[in-house]
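# Tertiary structure, described
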Amino acid sequence: MLERVLIAGSGGQGVILAGRIVASAAMRSVPHVTFFPSYGAEVRGGTSNCQTVLSTDEIHSPLPSRVDSMIVMNQPSMERYRKMLVRGGLMIENSTLCGRPPGATAAISVPATEMAEYLGSIRAANMILLGVYLRRKKLIPVEDVESEIRSAFVGKDDSLLKINIEAFHAGLAYDRSP
Amino acid sequence: MTGNDAIAEAAIRAGCDAYYGYPITPQNEIANYMARHMPARGRVFIQAESELAAINMVFGTAVAGRRAMTSSSSPGVSLKQEGISYLAGAELPAVIVNVQRGGPGLGNIAPSQSDYFQAVKGGGHGDYHQIVLAPHSVQEMYDLTALAFDLADRYRNPVMVLSDGRLGQMMEPVTLHEVRSRPPPKPWALTGARGRKPNLIRSLLLGEGELERHNLRLQRKYARISRSEQRWEERNARNCDVLIVAYGTCARIAKGCAAAAADFGLKAGLFRPISLWPFPYRPMRRAASSAKCVLVVEMSAGQMLEDVRLAVAGMAPVFFLGRMGGGVPEEGEVLRRLRALAKTTRRRSHGAE
Amino acid sequence: MKTVLYKRPKSLTSVPTHYCPGCGHGIVHRLIAEVVDELGIRERTIGIAPVGCAVLAYFYFNFDVTEAAHGRCAAVATGIKRVLPDRIVFSYQGDGDLAAIGLAETIHAANRGENITVVFVNNTVYGMTGGQMAPTTLVGQKTSTSPDGRDAPTMGPPLRMCELLNTLPSPYHIERVALDGPAGVRKARNALMKAFRAQLENKGYSFVEILASCPTHQRLSPAQALKFVGGEMAAQFPVRVFREEGKAVNA
């Protein structure tokens, strides 16, 4: 089993957090996991992306040049990274901020930012997309992921955690095939 | 855990008494980790006013007979060179971590391997060596940092852990092995001359012939280290078409390519130095002697390449694939190079000479 | 009849800045540009950019700018001004650059009375590298390397740069201002004008410390950060003129 997933968006969208949650959860059950965040030097704005690799065998490159799944949160990231997706790979796009990629492989369009706003915080859009991804790629137990989400919000407002868990479940339940 | 965090955790478990650092990307996580964990354990954490101050604080703690570590990235490590020379000259144990980034000058924050010369050939002034260990995984960041403290005390010498921005940021599972955290006795340390003759720590030796004798002693020490502390990893290194030589991040990429090369009928082996100083010259020559050619992959303009050429000593042709300024070799480009080399070497061995 | 109420100063490029919402750097850049424009010195001005969030300042200024190694702006400025005395040379530095790694260079350039202008943006944190403690971090302030708050007994109290430089005989103008609102911004502009003018008239070393917000690493909203600047920061770093026309000014 080899699953390479790229998550990309703008700084501030919680891209790195989402990737780290996937990696930490996966470490409990997958033999080899690597996680690699990439930041621009600017503290805000700019692009943000991370790659998580899950494998039954030793992982040679934590930054593969092609990925099997991609979660894209804004248009500039879509344009920049879509060529990295292998043929037939899984593309999940945040349709609130992404235009339809021309001639794309079947993408799952999720109006994540709108949904997150409705739930109470646009910053929870990343959790929605995480849920959508895990429903399609059942590689990690959902309970492990939820546990990692809880750890990430330790020491923060309870209401924030509630919104993010709700967002995660909303993503898991999201059922709109292309 | 991330590579940077693994370094910090290993240092703590190895009984590092003091950590001195200064912010510089991409190794800030080390200082942040130490800031969170050292004071709680009653150990010293100081964010110094500069990298120069930090290495001198390390010098001080080493003089006092305790374990100290500092970390930085390329431009900051440049500032530490004077301090490292002093540590070597005064024969003091210390651990210095360099998470390499693109250079020269301010460069960028992307990974690089362009500080090899600085680490291995000197960097500071005078005839000295620091032991240089090069991890290629988060597990090795942990293991080799713990080893660094051990070697530093065993030989009374500075030891450098040479990493890069990618390994530092990468997250992988780590097994936190038991680490020996009790250093050997240090009767030479400055702890106050109660009940003994006063100790002196210095590197200034003005007497007739004194400094040369000291240098000869240091050279004998370095010879001992060379005999006992060479470390490397070999994979399918006998009778291969191409022997890839790489360390750190490039070694990981090389492993993937060596495996993929089998798909097009190429037998690619890997020789991965783990100690860059002492450099495993003889083992590398042995491996190269049965290879059709050698390919060095480095994120530099060709620094370790020179030592590989010395090691191989004409036994096989040595080729080079390098990326600079923060560029990282991609699997695709390494594979293309391997394919091209496979063609040339087959032609050669079919009597085209 | 059309009246132009406000436009971008000539000394500022049209490149959008990368600074966070509520950051003080954007304001200081603009004030410097306005002063340089008003004094008509754009083509004689040479700036030295720091290592810090303002490392890319050279994209925003429409005049000659050089980089310097972290902390060495004052030395680089000295090197330029000594051989080109008729140019207007200023350094732009943050907390780490000026008061930590560059402290020696800062003090010695001031002590030599170099005829340069030093602009010190004090926001109590290291921004670019992720919010570490700075020499100016307040006691009790939480940063990534003072996670439980700055502890004076082990980390020392914050450094007051204006006061430190004021012990030296040579500096001509030393002033501290705060970007805590429109009045503060106007005061900052006046201070910068006096500083640049002092250099223009060959009067000697001028130093302007500008208290500024960094909402991201001060861990406040932009509005709260403004209050922090005018409140807690100004309490630790008094806003006033320390040296004017070469003479000490009492508090």
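As the structure is a prediction and not an experimental result, all values here were calculated from the model. (Residues numbered from 1 in each chain as written. Chains lettered and ligands numbered in written order. Predicted model: local features only at pLDDT ≥ 70, side-chain atom pairs only at ≥ 80, totals over all residues.)

## Comments concerning the overall build of chain B
The helix and strand inventory of chain B stands at twelve helices and twelve strands. The C-alpha atoms of chain B give a radius of gyration of 21 Å, which matches the 20 Å a tight globule of 353 residues would have. Seen through its principal axes, chain B has C-alpha atoms that stretch 75 × 50 × 40 Å. Counting all 353 residues of chain B, 54% fall into the buried class. If you take every contact in chain B between residues at least 6 apart in sequence, the share linking residues at least 24 apart comes to 79%. (Helix = DSSP H or I, 4+ residues; strand = E, 2+ residues; numbered from the N terminus. Rg over C-alpha atoms; globule rule 2.2 N^0.38 Å. Buried ≥ 20, exposed ≤ 12 C-beta atoms within 10 Å, placed from the backbone. Contact = placed C-beta atoms within 7 Å.)

## A few points about the overall build of chain C
A count of helical and extended segments in chain C gives nine helices and ten strands. C-alpha extents for chain C along the principal axes are approximately 50 × 50 × 35 Å. Taking the contacts inside chain C whose residues are at least 6 apart along the sequence as the reference set, 69% of them involve residues at least 24 apart.

## Things to note about the interface of chain B and chain C
Counting residues at the interface gives twelve residues for chain B and 15 residues for chain C. Broken down by element, the residue count for the side of chain B that touches chain C peaks at five residues, all from helix α2 (residues 28–37) of chain B.

## Considering the sheet that holds strand β10 (residues 275–277) of chain B
All names here are of chain B. Here seven strands make up an open sheet; going across it, the order is β2-β1-β3-β4-β6-β5-β10 and the pairing mixed. Of all strands in the sheet, those bounded by a partner on one side alone are β2 (44–47) and β10. When the angles between neighbouring strand axes are averaged without regard to direction, this sheet yields 20°. Bridge count between strand β3 (residues 68–72) and strand β4 (residues 94–100): four bridges; the pairing is parallel. Paired with T70 across the bridge in β4 is I96. Sitting on the sheet, helix α6 (residues 138–155) touches β4, β5 (131–133) and β6 (158–164), and the angle it makes with β6 is about 165°. (Pairing = 2+ DSSP bridges. Axes fitted to C-alpha atoms, helices over the stretch in contact; angles between N-to-C directions.)

## A word on helix α5 (residues 142–152) of chain A
All names here are of chain A. Residues of α5 that are buried: V145, E148 and I149. Buried residues in α5, looked at end-on, bunch into an arc of 105°, giving them a common side. In this structure, α5 carries E143, R150 and S151 as exposed residues pointing more than 90 degrees from its buried face. Structurally, α5 contributes buried residues whose contacts are with α1 (15–26), α4 (125–136) and α6 (158–173). (Arc of directions from axis to C-beta.)

## Side note on the sheet that holds strand β11 (residues 293–298) of chain B
All names here are of chain B. If you trace the five strands from one edge of the open sheet to the other, you get β7-β9-β8-β11-β12, paired in mixed fashion. The open sheet is flanked by β7 (232–235) and β12 (318–322), the only strands paired with a single partner. Strand-to-strand, the axes of this sheet are offset by a mean angle of 20°, without reference to chain direction. Two strands pair when backbone bridges link them, and β11 and β12 are joined in this way by five bridges, in the parallel orientation. Counterpart to L295 in the pairing with β12 is F319. Each of β7, β8 (242–245), β9 (268–273) and β11 touches helix α10 (residues 281–289); the most contacted strand, β8, lies at about 155° to it. Packed onto the sheet, helix α11 (residues 304–312) meets β8, β11 and β12 and runs at close to 160° relative to β11.

## Some remarks on the pairing of strand β8 (residues 206–211) of chain C
All names here are of chain C. In terms of burial, β8 is largely enclosed, as six of its six residues are buried. Because side chains alternate across β8, one face comprises the buried residues S206, V208 and I210, and the other comprises F207, E209 and L211, equally buried. Relative to β8, strand β4 (residues 117–122) runs parallel, the two sharing six bridges. When the bridges of β8 are listed, V118 appears paired with F207.

## Section: the domain arrangement of chain B
You'll often see interface size given as the accessible area lost when the parts meet. Residues and elements named next belong to chain B. What the domain assignment lists for chain B is domain 1 (3–189 + 203–228) and domain 2 (234–352). Each of domain 1 and domain 2 has a C-alpha centre, and these two points are 28 Å apart. With 26 residues of domain 1 at the contact, the number on the domain 2 side is 22 residues. Every element with two or more residues in the side of domain 1 that touches domain 2 is listed here: α5 (116–120), β5, β6, α7 (165–169) and α8 (210–228). (Domains from an automatic or database assignment.)

## Some thoughts on the packing of α4 of chain A against α6 of chain A
All names here are of chain A. Where α4 meets α6, the axes come as close as 6 Å, and the angle between the chain directions of the two elements is 35°. Relative to α6, α4 is oriented so that their crossing is right-handed. Note on element contacts: α6 touches α4 through N164, A167, F168, H169, A170, G171 and L172, opposite M127, I128, L129, L130, G131, V132, L134 and R135. Looking at the contact of α4 with α6, its residues break down into ten nonpolar, four polar and one charged. (Left-handed = near helix turned anticlockwise from the far one by under 90°. Nonpolar A, V, L, I, M, F, W, Y, C, P; charged D, E, K, R; others polar.)

## What to know about helix α9 (residues 248–261) of chain B
Taking 1.5 Å per residue, 14 residues should reach 20 Å; α9 of chain B reaches 20 Å between its end C-alpha atoms and fits that length. Within the span of α9 of chain B, buried status applies to G248, T249, C250, A251, R252, I253, A254, K255, C257, A258 and A261 of chain B. (Expected span 1.5 Å × (residues − 1).)

## Some remarks on the environment of I48 of chain C
All names here are of chain C. Among the structural elements, I48 can be located in strand β1 (residues 45–49). When the 28 C-beta atoms within 10 Å are taken as the criterion, I48 is described as buried. Each C-alpha atom of the pair I48 and V65 lies 5.6 Å from the other, and the pair is 17 residues apart in sequence. Look past the residues within four positions of I48 in its chain and what remains in contact with it is T66, A68, C73, V76, A77, S91 and Y92.

## With respect to the packing of helix α2 (residues 73–83) of chain C against helix α4 (residues 103–111) of chain C
Residues and elements named next belong to chain C. Relative orientation of the contacting elements α2 and α4 amounts to 40°, with a least axis distance of 7 Å. Taken together, the axes of α2 and α4 lie oblique to each other. Of the residues in α4, those touching α2 at A74, A75, A77 and T78 are E105, T106 and A109. Split into classes, the residues belonging to the contact of α2 with α4 amount to four nonpolar, two polar and one charged. (Parallel < 35°, antiparallel > 145°, perpendicular 65-115°, else oblique.)

## A word on the confidence of the model for chain C
On average, chain C scores 96 in pLDDT, and the residues at 70 or more come to 100%. Scoring the predicted complex yields pTM 0.88 and, for the interface, ipTM 0.84. (pLDDT = per-residue confidence, 0-100.)

## Observations regarding the environment of Y205 of chain C
Residues and elements named next belong to chain C. Along the chain, Y205 turns up in the loop between α7 (182–200) and β8. As a C-alpha pair, Y205 and E114 span 91 residues in sequence and 5.3 Å in three-dimensional space. Ignoring any residue separated from it by four or fewer positions in sequence, one finds Y205 in contact with A110, G113, E114, N115, I116, S170, P171 and Y172.

## A short note on the environment of L205 of chain B
Residues and elements named next belong to chain B. With respect to the helices and strands, the residue L205 is situated in the loop between α7 and α8. A sequence separation of 80 residues divides L205 from R285, and the C-alpha atoms of the two residues are 39 Å apart. Not counting residues within four places of it along the chain, the set of residues in contact with L205 comprises E210, L211 and H214.

## Some points on unusual backbone geometry
Cis geometry is adopted by the peptide bond preceding P104 of chain B, which originates at G103 of chain B and carries an omega value of 0°. Residue position: P104 of chain B is located in the loop between β4 and α5. A cis amide bond, omega 0°, links W277 of chain B with the succeeding residue P278 of chain B. One can find P278 of chain B in the loop between β10 and α10. Within the chain, T124 of chain C stands out as a residue other than glycine whose phi angle is a positive 65°. Secondary-structure assignment places T124 of chain C in the loop between β4 and β5 (125–126).

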